[in-house]
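Chain and residue survey
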Amino acid sequence: MKPELIIMLTNNDITVSNAMEVFESCKDLPAQRWGFKDVGLSKEEMIQLNKAMKEAGKTTYLEVVTYTEEGCVEGAKLAGECGFDFLTGTVYYPSINAVLKQYGLKYFPFPGKVGGSPVALTGTIEEIVADAERLIEAGADGVDLTAYRYTDGDPLELARAVGEKVGMDKLTIAGSVGNEARMDEMKKLGCHAYTMGSALFNSNFVKDGTFRENLEYVLNYCEK
């Protein structure tokens, strides 16, 4: 399976202040999936940006990095009220289910023991795999695995183990895919999707290039 690319309008784990301008400059490109985080913009700005994405025919994602039950439920409500297609991140609590159902949100929570921002993932591979399985059984549509933020083992070994247990079509890799080598790893893994944000803003692919130039490079590379 060829992984989908989720373009995140975030840099250093915060939505960029000119996210609307960046999106408008790139919305004609063949990148279907777009998202950003719940920090960096006001709620009204998030609503307007998501609306612009939807009007352009895009599939939209809100990533919420918070860990308390109250924070996770509020993040789900925000995603619903703003009109997103997917809520990613958060820690799963049963109380989120009602919000997901109310707004028809697809849900990919973090599996494993996560903390901090940027996220750090800890635990054994077996523990994280078991937690991913628990999340799917609880009704999650997939999992948002911070594989390259895993501190206790090999990221790809972890990703393969999770994908083999829950299905690669339910596995999104979140964060730190910022070079060709890791893009190649994602293609070989065959996961559902992976996110990319800071690498485009930081000109990882086209030195001193614009966000659009870097995104064009990535999209062309993915088609090879």
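Our subject is the structure listed above.
Residues numbered from 1 in each chain as written. Predicted model: local features only at pLDDT ≥ 70, side-chain atom pairs only at ≥ 80, totals over all residues. Heavy atoms only, no water.

**Some details on the environment of Lys-188**
Summarising the element assignment, Lys-188 is placed in helix α7 (residues 180-189). Measuring from C-alpha to C-alpha, the distance between Lys-188 and Tyr-148 comes to 15 Å, with 40 residues separating the pair along the chain. (Helix = DSSP H or I, 4+ residues; strand = E, 2+ residues; numbered from the N terminus.)

**Observations regarding the packing of aromatic side chains**
The full count for this structure, using the stated rule, is 8 aromatic pairs. A network of ring pairs unites the aromatic residues Tyr-61, Phe-86 and Phe-108 as a single cluster. Here the basic side chain of Arg-182 rests over the ring of Tyr-148, its NZ or CZ set 4.1 Å away from the ring centre. (Phe/Tyr/Trp six-rings, centres within 6.5 Å; stacked < 30°, edge-to-face > 60°. Lys NZ or Arg CZ within 6 Å of the ring centre and 35° of its normal.)

**Points about helix α6 (residues 155-166)**
Relative to the 16 Å expected for 12 residues at 1.5 Å per residue, α6 spans 17 Å between its end C-alpha atoms, a close match to the ideal helical length. Every buried residue of α6 is listed here: Leu-156, Leu-158, Ala-159, Val-162, Gly-163 and Val-166. Looking straight down α6, one finds its buried side chains confined to an arc of 155°; they lie on one side. In this structure, the buried residues of α6 make contact with β9 (120-122), α5 (125-137), β10 (143-145), β11 (171-173) and α7. Here α6 starts with a cap whose side-chain oxygen sits 3.2 Å from the backbone nitrogen of Leu-156, and that cap is Asp-154. Backbone geometry just after α6 places Gly-167 at a positive phi near 105°. (Expected span 1.5 Å × (residues − 1). Buried < 20%, exposed > 50% of the residue type's maximum accessible area, 1.4 Å probe, protein only. Arc of directions from axis to C-beta. Contact = heavy atoms within 4.5 Å. Polar contact = N/O pair within 3.5 Å; in protein donor to acceptor, adjacent residues only side chain to side chain.)

**A short note on the packing of α5 against α6**
Two elements in contact, α5 and α6, have axes separated by 9 Å at closest approach and are oriented at 35°. Handedness of the α5/α6 crossing: right-handed. Residues Ile-125, Ile-128, Val-129, Ala-132, Glu-133 and Ile-136 of α5 pack against Glu-157, Leu-158, Ala-161, Val-162, Lys-165 and Val-166 of α6. Taken together, the residues that form the contact of α5 with α6 break down as 9 nonpolar, no polar and 3 charged. (Axes fitted to C-alpha atoms, helices over the stretch in contact; angles between N-to-C directions. Left-handed = near helix turned anticlockwise from the far one by under 90°. Nonpolar A, V, L, I, M, F, W, Y, C, P; charged D, E, K, R; others polar.)

**Digging into the sheet that holds strand β1 (residues 4-8)**
Taken in spatial order, the 8 strands of this open sheet run β7-β6-β5-β4-β1-β12-β11-β10, and their pairing is parallel. Single-partner strands in this sheet number two, and they are β7 (106-108) and β10. Along the sheet, successive strands turn relative to each other by an average axial angle of 25°, direction set aside. Across 3 bridges, strand β6 (residues 86-89) lies against β7 in parallel orientation. Residue pairing in the sheet places Thr-88 in a bridge with Phe-108 of β7. In this fold helix α2 (residues 43-55) packs onto β4 (33-37) and β5 (59-64), with an angle of close to 175° to the strand it touches most, β4. (Pairing = 2+ DSSP bridges.)

**Regarding the pairing of β1**
Counted residue by residue, β1 has 4 buried out of 5 residues, so it is predominantly covered. With 4 bridges joining them, β1 and strand β12 (residues 193-196) adopt parallel strand pairing. In the strand pairing of β12, Ile-7 is matched with Met-196. Summarising the sheet, β1 and β4 pair through 3 bridges and their orientation is parallel. Of the residues in β4, the one forming a bridge with Ile-6 is Arg-33.

**With respect to α7**
Regarding α7, the residues found buried are Met-183, Met-186 and Leu-189. Buried residues of α7, viewed axially, fall in a sector of 120°; they line one side. In the segment just after α7, Gly-190 is the residue with positive phi, at about 75°.

**Describing unusual backbone geometry**
At Asn-12, a position not held by glycine, the phi torsion is positive, near 55°. Structurally, Asn-12 can be placed in the loop between β2 (10-11) and β3 (14-15). Classification of Asn-12 by relative accessible area gives exposed; the value is 59%. In the Ramachandran plot, Asp-208 falls in the positive-phi region, its phi being about 65° despite a non-glycine side chain. Tracing the backbone through its elements, the reader meets Asp-208 in the loop between α8 (198-201) and α9 (211-223). Overall, the relative accessible area of 68% leaves Asp-208 in the exposed class.

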